[in-house]
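# Secondary and tertiary structure notes
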Amino acid sequence: VDRRVADDPRRIRRGLIRAAATIAAVGLIALVVAAGNPFSWATDQVSGGECANTPGRLLDPCANNRPAWWADALEVFSGKPVAGSGALTYEIARLRVRDDAVAVVQPHSVPLQLLSDLGLVGLALGLAFAVAAALGARNALRRLDGAEREAALALAAFPAVYGVHALVDYDLDFLAVTAPALVALGALLAVAQPLTRLGSPLVVAGAAAVTALAVAAVLVTPALARRDVDHSTLQLDEGLLVAAANAANRAQRFDPLSLEPVYAAAAVADAVGDTDAAIVLYRRATRMQPENPEAWVTLGLYEFIAHGDMCQAYFALNAAYTLDPKSRRWVKGGPRDQARDAVNAGACEP
């Protein structure tokens, strides 16, 4: 085979091109026979809604709502173009601009994720990292030759494929996908580099230990908070009010930015009959996350059901409606409509 390629490369190329054209023509004919107009079929597939979560989705070219999610990300970005809406807030920020009730966590594109969450600052930092990684990989390949260069080239394909895939999915959210790509990139950047002493071994070990502890704390404390929230709920069901309150308080210390520990503490306050304390906690949740409609809905429903304050219930539920007008929770005659009718009848009058 090698001799034939060396003797007549043009003939081999022509043969391969003819074979590829024949395969393409046969495939197109088969598609026309099976689906009719191939252009209409392709348009229907790509513009379709969500892909079915079955093994067949691997061969399904549907867009899975990505164009709509990307448009929502750009609209969120346009509201806060410099710094964005906040890290990992696309799920909440999108609620105000979405056209349907489908829930989605990320826009399924890392560049658009950076743009909507962190604005131009985040996108610039992401592009700077990508450019630096590409230049570093190129320089590493230039330092090698022969079999070592071929092995490094194969290693460089990993982060390259990761970068391409990240254009149409939210790879940053998956440690199992991102960590191996970063390890491959780090190994590639270190290839054929001279050994450099960073400083005292004791200082390096101390810095590594501090970094490891910080990473562990970031990963572990939310899990501990969720565990204590679950314990608080179980103990509350069993009538162990003191233990439930202690678990809720621990959860708030472990994760002071999460709403669930606050809700657990409010549930304990309600169980002991202190509705005023529960109201204070639910209102704290709306101050913690003022653009999260769930916080306003929870406050509004508690005001509506437990406190019977239709004025405050309508204020909270209407704030939630403003933040998420397309939600399926807004049914005709529901709590918001009832509270509004009460307000129109004078519920907010002195």
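Preceding this paragraph is the structure being described.
Presented here is a report on the structure given in the accompanying data block. Bear in mind that the values here come from a model prediction, so they are computed numbers and not experimental data.

We now examine the packing of helix H13 (residues 293–307) against helix H14 (residues 310–323). One way to put it is that H13 packs onto H14 with a least axis distance of 8 Å and a crossing angle of 160 degrees. The angle between H13 and H14 falls in the class roughly antiparallel. As for how H13 packs across H14, the hand of that crossing is left-handed. Residues Pro-293, Trp-296, Val-297, Leu-299, Gly-300, Leu-301, Glu-303 and Phe-304 of H13 form the contact with H14, whose participating residues are Met-310, Gln-312, Ala-313, Phe-315, Ala-316, Leu-317, Ala-319, Ala-320 and Leu-323. Looking at side-chain class alone, the contact of H13 with H14 contains 14 nonpolar, two polar and one charged residues.

With that settled, consider helix H15 (residues 335–344). Looking at H15, one finds that the buried residues are Arg-336, Asp-337 and Ala-339. All buried residues of H15 project into a common sector of 165 degrees when viewed along the axis, lining one side. Those residues of H15 that are buried are in contact with H13 and H14. Gly-346 occupies a position one or two residues after H15 and carries a positive phi of about 110 degrees.

The next subject is the pattern of salt bridges. Side chains bearing opposite charge may pair, as long as their charged atoms lie close to each other. Scanning the model with the defined rule gives twelve salt bridges in all. As a salt-bridge pair, Arg-94 and Asp-100 come within 3.5 Å of each other at their nearest N and O atoms. A salt bridge links Glu-303 to Arg-283; the nearest nitrogen and oxygen atoms lie 3.1 Å apart. Of this pair, Glu-303 sits in helix H13 while Arg-283 sits in helix H12 (residues 275–288), placing them 20 residues apart in sequence.

Once that is clear, we can look at the state of the cysteines. One pass over the structure, following the stated rule, counts one disulfide. Disulfide pairing is shown between Cys-311 and Cys-348; the S-S distance is 2.1 Å. Handedness here is read from the sign of the S-S torsion; for Cys-311 and Cys-348, about 105 degrees, the answer is right-handed. Residue Cys-311 is located in helix H14, and its partner Cys-348 is located in the segment after H15; the two are separated by 37 residues in the primary sequence.

Calculation notes
- Residues numbered from 1 in each chain as written.
- Predicted model: local features only at pLDDT ≥ 70, side-chain atom pairs only at ≥ 80, totals over all residues.
- Heavy atoms only, no water.
- Axes fitted to C-alpha atoms, helices over the stretch in contact; angles between N-to-C directions.
- Helix = DSSP H or I, 4+ residues; strand = E, 2+ residues; numbered from the N terminus.
- Parallel < 35°, antiparallel > 145°, perpendicular 65-115°, else oblique.
- Left-handed = near helix turned anticlockwise from the far one by under 90°.
- Contact = heavy atoms within 4.5 Å.
- Nonpolar A, V, L, I, M, F, W, Y, C, P; charged D, E, K, R; others polar.
- Buried < 20%, exposed > 50% of the residue type's maximum accessible area, 1.4 Å probe, protein only.
- Arc of directions from axis to C-beta.
- Salt bridge = Lys/Arg side-chain N within 4 Å of Asp/Glu carboxyl O.
- Disulfide = S-S within 2.5 Å.

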